[in-house]
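# Structural characterization, general
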Amino acid sequence: MSTFEQAYSWINLRFLLEGLWVTLEVSVISIVLSFIIGLVLGVIRYVKIKYLSAAVGFLIDIIRNLPLLLIIFFTYFGLPELGLRMTPMLAAVTALVVFESAMLAEIVRSGIQAVPVGQMEGARSSGLTYVQAMWHIIMPQALQKMIPPLVSQFISLVKDTSLATIIVLPELLYHAQIIYSQNTTYMVPMYLMIAVMYFVVCYCLSLVARRLEKRYG
Amino acid sequence: MSMIEFKNVDKYYGNFHALKNINLKVEKGEVVVLIGPSGSGKSTLIRTINGLEDISNGQLIVNNYDLSDKKTDMNKIRKDVGMVFQHFNLYENKTVLENIMLAPRIVLHKDEAENKKYALELLEMVGLSSKAESYPRMLSGGQKQRVAIARSLAMQPKCILFDEPTSALDPEMIDDVLDVMKTVAERGITMVVVTHEMGFAREVGNRIVFLADGEILEDDDTETFFKNPKEERARQFLSKIITHK
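Every chain's residues receive numbers from 1 upward, in the order its sequence appears when written. The order in which chains are written sets their letters, starting at A; the order in which ligands are written sets their numbers, starting at 1. Reporting of local features is limited, given that this is a predicted model, to residues whose pLDDT is at least 70; pairs of side-chain atoms are given and counted only at 80 or more, and all residues count toward the totals for whole chains, interfaces and linings. As a convention, hydrogens and water are excluded, and side-chain values are obtained from all of the structure's heavy atoms.

For chain B, an unreviewed UniProt entry supplies the name Glutamate transport ATP-binding protein and the organism Ligilactobacillus salivarius NIAS840. UniProt positions are given in the numbering used here, feature names are shortened, and annotations may be inferred rather than shown by experiment. Listed under Sequence similarities (unreviewed entry) in UniProt, the entry text for chain B is "Belongs to the ABC transporter superfamily."

Per an unreviewed UniProt entry, chain A goes by ABC transporter permease subunit and derives from Ligilactobacillus salivarius. The UniProt entry for chain A carries the following text under Subcellular location (unreviewed entry): "Cell membrane". According to the UniProt record, the Sequence similarities (unreviewed entry) comment for chain A reads "Belongs to the binding-protein-dependent transport system permease family."

## Side note on helix α1 (residues 42-49) of chain B
Residues and elements named next belong to chain B. Burial classification: accessible surface area is computed with a 1.4 Å probe over protein chains only, and a residue below 20% of its type maximum counts as buried, one above 50% as exposed, and the rest as partly exposed. Put simply, DSSP marks the helices as runs of H or I at least four residues long and the strands as runs of E at least two long, and each gets a number from the N terminus on. Among the 8 residues that make up α1, 7 are buried, leaving the element largely enclosed by the rest of the structure. Every buried residue of α1 is accounted for by Lys 42, Thr 44, Leu 45, Ile 46, Arg 47, Thr 48 and Ile 49. After α1 finishes, the residue Gly 51 shows a positive phi value of roughly 75 degrees.

## With respect to the UniProt feature "domain: ABC transmembrane type-1" (unreviewed entry) in chain A
Feature annotation in UniProt places "domain: ABC transmembrane type-1" (unreviewed entry) on residues 20-209 of chain A, given in this structure's numbering. Along residues 20-209 of chain A one finds 82% helix and 0% strand; the C-alpha atoms at either end are 22 Å apart.

## Comments concerning the nonpolar core
Within the largest apolar cluster, 51 residues are counted, with the highest numbers of intra-cluster contacts made by B:Ile100, B:Ile149, B:Met181 and B:Met191. Ranked by the residues each element gives to this core, the list is headed by helix α6 (residues 171-186) of chain B, at 8 residues. Each nonpolar core is a collection of buried residues, namely Ala, Val, Leu, Ile, Met, Phe, Trp, Tyr and Cys, held together in the definition by side-chain atoms within 4.5 Å. Formed by 49 residues, the second largest nonpolar core is a distinct cluster that contains A:Met86, A:Ala105, A:Val115 and A:Leu150.

## Notes on the sheet that holds strand β8 (residues 190-194) of chain B
Residues and elements named next belong to chain B. Here, any two strands with at least 2 DSSP bridges between them count as paired. One open sheet holds the 6 strands; their spatial order is β6-β7-β8-β3-β9-β10, and the pairing between them is mixed. Edge strands, defined here as strands with exactly one partner in the open sheet, are β6 (81-84) and β10 (215-221). The sheet shows a mean angle of 15 degrees between the axes of neighbouring strands, taken without regard to direction. Bridge count for strand β7 (residues 159-163) against β8 is 5 bridges, and the pairing is parallel. Residue Ile 160 lies in a different strand from β8, and its bridge partner there is Met 191. We call two residues contacting when some pair of their heavy atoms lies within 4.5 Å. An axis is simply a line fitted to the C-alpha atoms; with a helix, the fit covers only the stretch in contact. Between two such axes, the angle follows the N-to-C directions and lies from 0 to 180 degrees. In the packing of α1 onto the sheet, the strands contacted are β3 (31-35), β6, β7, β8 and β9 (207-212), and the crossing angle to β7 comes to about 155 degrees.

## Regarding the UniProt feature "domain: ABC transporter" (unreviewed entry) in chain B
When the UniProt feature table is mapped onto this chain, "domain: ABC transporter" (unreviewed entry) is found at residues 4-238 of chain B. Within residues 4-238 of chain B, the helical portion is 38% and the strand portion 26%, while the C-alpha atoms at the span's ends are 26 Å from each other.

## With respect to the interface of chain B and chain A
Listed per partner, the contact involves 22 residues of chain B and 17 residues of chain A. Buried area counts how much accessible surface, traced with a 1.4 Å probe, disappears from two parts once they are put together, with both parts' losses summed. For the pair chain B and chain A, the two sides together bury roughly 1600 Å², of which 51% comes from carbon and sulfur. We define a salt bridge as a contact between a side-chain nitrogen of Lys or Arg and a carboxyl oxygen of Asp or Glu at a distance within 4 Å. On the surface where chain B and chain A come into contact, there are 1 salt bridge. A:Glu121 is paired through a salt bridge with B:Arg47; the nearest N and O atoms lie 2.5 Å apart. Contacts described as polar in this section are N or O atom pairs within 3.5 Å, which, within protein, must combine one atom able to donate a hydrogen with one able to accept it, while residues neighboring in sequence count only if both atoms come from side chains. Here chain B and chain A share 7 residue pairs in polar contact (both at pLDDT 80 or more) between them. Every element with two or more residues in the side of chain B that touches chain A is listed here: α2 (74-80), β6 and α3 (96-106) of chain B.

## Quick word on the sheet that holds strand β2 (residues 16-26) of chain B
Across a sheet, strands are paired by hydrogen bonds formed along the backbone, either parallel or antiparallel in direction. Residue and element names in this part refer to chain B. Strands sit in the order β2-β1-β4-β5 across an open sheet of 4 strands; the sheet is antiparallel. The open sheet has two edge strands with one neighbour each: β2 and β5 (65-66). As defined by bridge partners, strand β1 (residues 4-13) adjoins β2 across 7 bridges and the pair is classed as antiparallel. Counted as the bridge partner of Phe 6 is Leu 24 from β2.

## Re empty space enclosed by the protein
Detection works on a 1 Å grid of protein atoms alone, calling trapped sets that fit a 1.4 Å probe cavities and calling open sets with protein on both sides within 12 Å along at least five of seven lines pockets, with lining residues defined by an atom within 4 Å of a point. Grid points are joined across faces, edges and corners, and a volume is the space filled by probe spheres set on the points. Within the structure shown, the criterion is met by 1 cavity of 30 Å³ or more. Its volume calculated, the largest cavity comes out at about 40 Å³. Every residue lining the largest cavity is listed: A:Ser125, A:Ser126, B:Arg78, B:Lys79, B:Asp80, B:Val81, B:Gly82, B:Met83, B:Arg151, B:Ser152, B:Met155 and B:Pro157.

## Description of the UniProt feature "transmembrane region" (unreviewed entry) in chain A
All names here are of chain A. Per the UniProt annotation, the sites labelled "transmembrane region" (unreviewed entry) are residues 20-44, 51-77 and 186-209. Taken end to end, residues 51-77 is 85% helix and 0% strand, and its two terminal C-alpha atoms sit 32 Å from one another. Across residues 186-209 one finds 96% helix and 0% strand; the C-alpha atoms that close the span lie 35 Å apart.

## Comments concerning the layout of surface pockets
All names here are of chain A. Estimated volume of the largest pocket: approximately 510 Å³. Residue lining of the largest pocket: 21 residues in total, with Pro 140, Leu 143, Gln 144, Ile 147 and Tyr 216 positioned closest to the centre. Element by element, the count of residues in the lining of the largest pocket is highest for helix α7 (residues 130-160), at 9 residues.

## Focus on the packing of aromatic side chains
In this scheme Phe, Tyr and Trp rings, the latter by its six-membered ring, pair at centre separations within 6.5 Å, and the angle between planes marks the pair as stacked below 30 degrees, edge-to-face above 60, and tilted otherwise. As enumerated under the stated definition, the model contains 9 aromatic pairs over all chains in all. When the centroid spacing of 5.0 Å and the interplanar angle of 75 degrees are considered together, the rings of A:Tyr76 and A:Phe77 count as edge-to-face. Here the aromatic rings of B:Phe225 and B:Phe226 are separated by 5.5 Å at their centres, their planes lie at 90 degrees, and the arrangement is edge-to-face. Of the two residues, B:Phe225 and B:Phe226, neither departs from the other in class, the shared state being buried. One cation-aromatic arrangement involves B:Arg151 over B:Tyr91; the distance from NZ or CZ to the ring centre is 4.4 Å. Placement of a charge over a ring requires the Lys NZ or Arg CZ to be within 6 Å of the ring centre, with the centre-to-atom vector within 35 degrees of the ring normal.

## Topic: unusual backbone geometry
Of all residues except glycine, most have a negative phi; of all peptide bonds, most are trans. Even without glycine at this site, A:Lys48 takes up a positive phi of about 55 degrees. Secondary-structure assignment places A:Lys48 in the loop between α2 (10-47) and α3 (52-64). Phi angles above zero are rare outside glycine, and B:Glu164 is one such case at about 50 degrees. Position of B:Glu164 relative to the elements: it lies in the loop between β7 and α6. Using a relative accessible area of 13% as the deciding quantity, one classes B:Glu164 as buried.

Below is the structure:
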């Protein structure tokens, strides 16, 4: 038991919390950016603008079918070879945003598609323009349908930030590793503690989702 | 000028000839009922009138706008030509009152207080004042359809298209909807109605247009059509639909 007590010293916990803070920072920034970009890309795919929608679809298909870790490696180790050097933080955010935007774009597109065509016809036949119909009728309903898949994607994103440990981003998992690499008996206590931290963050997200669903469902 | 005029209109879906050389005039204030077997093109025809379907050939004039001209702004036509659908198509994310007020607000920029007053009047007319704050999912089919009619009336249209408005309803709901449609007809609004309700057609329709296989086979005033249909296919159709009732 004393190993746990020692492992969970105030100084270690504070160090873990610093890591958690970075995890949260990267997560929030990536969620916000990828949601905005994913929304735009998803709408572009849905409305079928000549060439543009096809090009966007092609890019999304490529990105969605690559491992996130490869994208992170490419951003941090590959891009400098091409003359673009980034901090681990910026590289992690960039890689996550690229990957998640592609994932979210598909969720957005299928969410819009799940709104029955009659909704659009009802709106158009009342004299609303296409854009007005999308804004007032289609998108609000689509967003409501998207809440569950969006949130599970956000949860994946939070967990996927741990991949950035490999490019020495000082996030939660990385900080845990630093602690137990100095004393390997701390390994299990550290794993347990960060498991709890990831769980709490992600579980809170799904609680928010349930709330939103109840409110708009 | 007629409210609606089809001149030699054709419509193709790929190779399928859905509407064949349609010539049809609907005068202002007239109630024209389109009947015919399923797949005859009734719905396609009515949906061309507000541009939900485009036409392949010929000329279609609605409320002095030429729909065959690609430059015509469809939204202008739709301001004056409402539509009521088989499956209601009420906005699921809006209350009943909001469903009625939305288009007058953003298309006509109607004054908010006036808009609401008129919407409430319409709800009273269709007998659903108590449902103003309900969402469509809380209503029965018949109630939804009455709201849909109120919604299209809110735009103060010159013409309303009804595409099988009672086909998705339970039998006991149908009369309520037909009653509201009679009120609409009494207001002098031009109506084009696709329906299988022969009682309604007979009572309210000024003219019956019988379609089969994308062609207008008969276009007569209501009396003549029901008493003495000229076409064999119309006769067969009538005898079938009446024995089924």
